[in-house]
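Examination of the molecular architecture
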Amino acid sequence: MSVGGAISVREASKIYDPDGAGVLALDRCSMEIGKGEFTVVVGPSGCGKTTLLNAIAGFHELSGGEIYLDGRLLSSPSRPARPGSDRIVVFQNGALFPWMTVWENVAFGPMAQGTLSKEAAKAKALSGLEAMGLSLIADDYPGQISSGMRRRAEIARAMACEPKVLLLDEPFRALDALTKTVAHQFLMEVYDRDRPTVFFITHDLDEAVFLASKVFVMTTRPAGVKKILEVTLPRPRDYRLLASPEYQSLRAECQDAVREEALKAFSAGEREM
Amino acid sequence: MIGAMSLKKRLAKLAASRSLRRGLISVALFFVLWELSARLKIPVVGAIPAPTEVLACLGRELVSAYYWRSWGVSLARILAGFAIAQVLGVPLGLLLGFSRKAREIIFPIIEIMRPVPPLAWVPVSVIFWPSAEMSMIFVTFLGAFFTVVLNIVEGVAAIDVRFLRAAASLGSSRRDVFWRIMLPASLPSVLVGMTVGMGVTWCVVVAAEMIATNTGLGFMTWRGYVAGEFPMIVVGMLSIGLAGYLSSGLIRRIGLHFTPWLKGQ
């Protein structure tokens, strides 16, 4: 199955220059993400987390600095990354193709890349959906299933490409608390089985500490790394963990760091971007 | 529990039948008022032939070859004009939607032509085309063409960038992006363009038939006026309305068949 890739972000900067007024979204941000690490990035709204994710995904070029994947240059201002199936994004609002059934969505990657025949891709999609508890809705269209199921299906679609890196941009933001716990469980199972490198953006600190091997707390814009929390809680994890003192103290530590930055952002008059 | 359920059901049924009854009463009242105003020769509205006369006229027409020939002629014009509009309009719309360069070159011309109502083209197309039939089809074509093109351009422009990014990320080629992402993503607006275009086509063909030819449902209605057969006018109007309704419904049906993911949404 897929083996995670190591990501090294070195002094990455990004200036948005929509109408001459340069907005610095990322300021010499450096980050080392190990092979197969579950990295969660938290920070104030609009701090540039998504900018970094887009740069890794290959949707934006950098204004300065470099990003390496497994020691190879992935993106620099002169050589921007192109999107690739080794780094799959699960989007904030979901991007399952509405005109394809769920299994067609999941089989899309391997078929588009030509790595599998249609039959093989379908078989793979169905087993991926089964792992996500979605066997029964394989033939439905995304518009016919619940939002929680859609998010799981999208993760299954990403994993069908056996990516080195799974990039998730607040994937569970719109889910209710109960649906979220189910989604977490499935994501953890997939992670424990395949060990891709995960880059997961969220505002939900419980989610962050529960899922992560490492939490990066970002500063307010321009984004840099404020604090790194190593979460050494044993895997596989389940919800009993939430009551443990280790979890509680990590959660508190994380909260303090985030709160400090959020206050700074607030007094600087930042708004949700 | 069972009692409560059946009570609820019965209430729902009653509400449904009540709204049905209201509808029926309203329609019946409409016809009674119409009949009365015709019989009593009430000014303005009284000039319209009474429903009973219209029904009698309709009965005669339903067995007349002329009536059905008028349907056939108008339908043939609609189909020809509409089909040509699709054959030319769908690819052009897609091209304009996908290529910025094409948009910059071709769009200004479309913007000049578009505000001219299709019927304003009637005199010029009668001069232009060798037969009345061709000019009729041409005007019909114009009616649908711009609607189709503009809807597609808008549909393509509205494709969510997330889908394109997701497709790129999943490793699709440019060809795949076109055929498997952009085309299906813009299909719903293609179909909206077709449905609206079909409606416009009927408006156009009826008016054009009144002006420039002596066949078809439009002319049949006009002839009713010229010949003083007033019930015939109403029969013509109803027939045109029904024809437009049926053809738009047909397009929607065909459209749903090609966009199964929109069912039940």
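Since we're looking at a predicted model, the values are computed, not measured.

1. A short note on the overall build of chain A
- On a plain count of helices and strands, chain A comes out with seven helices and ten strands.
- Relative to the 2.2 N^0.38 estimate, which gives 19 Å for 273 residues, the radius of gyration of chain A is 18 Å and therefore close to what a compact globule would have.
- For chain A, the C-alpha atoms occupy an extent of roughly 55 × 50 × 35 Å along the three principal directions.
- Looking at chain A residue by residue over its 273 residues, the buried ones come to 49%.
- For chain A, long-range pairs separated by at least 24 residues make up 72% of all intrachain contacts whose partners lie at least 6 apart in sequence.

2. A closer look at the packing of helix 9 (residues 216-226) of chain B against helix 10 (residues 230-258) of chain B
Residues and elements named next belong to chain B.
- Contact pair helix 9 / helix 10: the axes reach a minimum separation of 7 Å and the direction vectors enclose 160°. When the interaxial angle is binned, helix 9 and helix 10 end up roughly antiparallel. The handedness of the crossing between helix 9 and helix 10 comes out as left-handed. Note on element contacts: helix 10 touches helix 9 through Phe230, Met232, Ile233, Gly236, Met237, Ser239, Ile240 and Ala243, opposite Leu217, Met220, Thr221, Gly224 and Tyr225.
- The residue inventory of the contact of helix 9 with helix 10, partitioned by class, reads nine nonpolar, four polar and no charged.

3. Re the nonpolar core
- Ranked by size, the top nonpolar core spans 129 residues in total, and within it Leu129, Leu167, Val215 and Cys254 of chain A carry the most contacts.
- Ranked by residues supplied to this core, first place goes to helix 6 (residues 132-157) of chain B with 15 residues.
- Contacts of Cys254 of chain A, omitting those with residues within four sequence positions, involve Leu205, Ala208, Val209, Val215, Val217 and Leu229 of chain A.
- Residues Cys57, Met232, Ile233 and Val234 of chain B belong to the second largest nonpolar core, which totals six residues.

4. Quick word on the interface of chain A and chain B
- On the side of chain B, 16 residues touch chain A, which itself brings 21 residues to the contact.
- Among the secondary structure elements, those contributing two or more residues to the side of chain A that touches chain B are strand 6 (87-90) and helix 2 (102-113) of chain A.
- In terms of residues, the side of chain A that touches chain B owes the most to one element, helix 2 of chain A, which gives four residues.
- Looking at side-chain class alone, the side of chain A that touches chain B contains 14 nonpolar, seven polar and no charged residues.

5. A look at the sheet that holds strand 3 (residues 38-42) of chain A
All names here are of chain A.
- One open sheet accounts for six strands, arranged 6-7-8-3-9-10; its pairing is mixed. Only two strands of the sheet have a single neighbouring strand rather than two, namely strand 6 and strand 10 (225-230). Going across the sheet, the axis of each strand differs from the next one's by a mean of 15°, ignoring polarity.
- Inspection of the sheet shows strand 6 paired to strand 7 (residues 165-169) by four bridges, in the parallel sense.

6. Digging into the environment of Leu33 of chain B
- Inspection of the secondary structure puts Leu33 of chain B in helix 1 (residues 2-39).
- Along the chain, Leu33 of chain B and Gly59 of chain B lie 26 residues apart, while their C-alpha atoms are 22 Å from each other.

7. Side note on the domain arrangement of chain A
Residues and elements named next belong to chain A.
- Examined at the domain level, chain A breaks down into domain 1 (1-86 + 164-273) and domain 2 (93-162).
- Each of domain 1 and domain 2 was reduced to a C-alpha centroid, and the two centroids are 24 Å apart.
- Considering every element that reaches the side of domain 1 that touches domain 2, the biggest residue donor is helix 5 (residues 177-194), with eight residues.
- Across the side of domain 1 that touches domain 2, the residue classes tally to eleven nonpolar, three polar and two charged.

8. Describing the domain arrangement of chain B
- Taken domain by domain, chain B consists of domain 1 (2-40) and domain 2 (53-262).
- Placing the centre of domain 1 of chain B and that of domain 2 of chain B at their C-alpha centroids yields a distance of 36 Å.

9. Observations concerning the pairing of strand 7 of chain A
All names here are of chain A.
- Burial runs high along strand 7: five of the five residues are buried.
- Of the two faces of strand 7, the one lined by Val165, Leu167 and Asp169 and the one lined by Leu166 and Leu168 are each fully buried.
- Sheet topology places strand 7 next to strand 8 (residues 197-201); five bridges connect them, and they run parallel. Following the sheet pairing, Leu166 is matched in strand 8 by Val198.
- Handedness of the crossover is the feature at issue here: the chain leaves strand 7, passes through helix 5, returns alongside strand 8, and the resulting connection is right-handed.

10. Observations regarding helix 4 (residues 147-159) of chain A
Residues and elements named next belong to chain A.
- Its 13 residues place the ends of helix 4 18 Å apart at the C-alpha level, agreeing with the 18 Å of an ideal helix rising 1.5 Å per residue.
- Along helix 4, the residues classified as buried are Met149, Arg150, Arg151, Arg152, Ala153, Glu154, Ile155, Ala156, Arg157, Ala158 and Met159.
- Tucked inside the fold, the buried residues of helix 4 contact strand 6, helix 2, helix 3 (118-131), strand 7 and helix 5.

11. Quick look at the environment of Met31 of chain A
Residue and element names in this part refer to chain A.
- Residue placement: Met31 occurs in strand 2 (residues 23-33).
- For Met31, a count of 21 C-beta atoms within 10 Å translates into the label buried.
- Between the alpha carbons of Met31 and Ile7 there is a distance of 7.9 Å; along the sequence they are 24 residues apart.

12. Focus on the pairing of strand 1 (residues 7-16) of chain A
Residue and element names in this part refer to chain A.
- The pairing of strand 1 with strand 2 spans seven bridges and is antiparallel. Note that in strand 2 the partner of Lys14 across the bridge is Leu26.
- Across five bridges, strand 1 lies against strand 4 (residues 64-69) in antiparallel orientation. Note that in strand 4 the partner of Val9 across the bridge is Ile67.

13. Notes on the sheet that holds strand 1 of chain A
All names here are of chain A.
- Ordered by their spatial adjacency, four strands build an open sheet running 2-1-4-5, and the pairing between neighbours is antiparallel. With one partner strand each, in any of the chains shown, strand 2 and strand 5 (72-75) form the two edges of the open sheet. Ignoring strand direction, the axes of neighbouring strands in this sheet form an average angle of 30°.
- Its contacts with the sheet place helix 1 (residues 49-57) against strand 1, strand 2, strand 4 and strand 5, and it is angled at close to 115° to strand 1.

14. Thoughts on the packing of helix 2 of chain A against helix 3 of chain A
Residues and elements named next belong to chain A.
- Contact pair helix 2 / helix 3: the axes reach a minimum separation of 8 Å and the direction vectors enclose 125°. On the basis of the axis angle, helix 2 is oblique to helix 3. The hand of the helix 2/helix 3 crossing is right-handed. Here Val102, Trp103, Val106, Ala107, Pro110 and Met111 of helix 2 come into contact with helix 3, specifically with Lys118, Ala121, Lys122, Lys124, Ala125, Leu126, Gly128 and Leu129.
- By residue class, the composition of the contact of helix 2 with helix 3 is ten nonpolar, one polar and three charged.

Criteria and thresholds
- Residues numbered from 1 in each chain as written.
- Chains lettered and ligands numbered in written order.
- Predicted model: local features only at pLDDT ≥ 70, side-chain atom pairs only at ≥ 80, totals over all residues.
- Helix = DSSP H or I, 4+ residues; strand = E, 2+ residues; numbered from the N terminus.
- Rg over C-alpha atoms; globule rule 2.2 N^0.38 Å.
- Buried ≥ 20, exposed ≤ 12 C-beta atoms within 10 Å, placed from the backbone.
- Contact = placed C-beta atoms within 7 Å.
- Axes fitted to C-alpha atoms, helices over the stretch in contact; angles between N-to-C directions.
- Parallel < 35°, antiparallel > 145°, perpendicular 65-115°, else oblique.
- Left-handed = near helix turned anticlockwise from the far one by under 90°.
- Nonpolar A, V, L, I, M, F, W, Y, C, P; charged D, E, K, R; others polar.
- Core = buried A, V, L, I, M, F, W, Y, C linked by C-beta atoms within 7 Å.
- Pairing = 2+ DSSP bridges.
- Domains from an automatic or database assignment.
- Right-handed = clockwise from strand over helix to strand, strands pointing away.
- Expected span 1.5 Å × (residues − 1).

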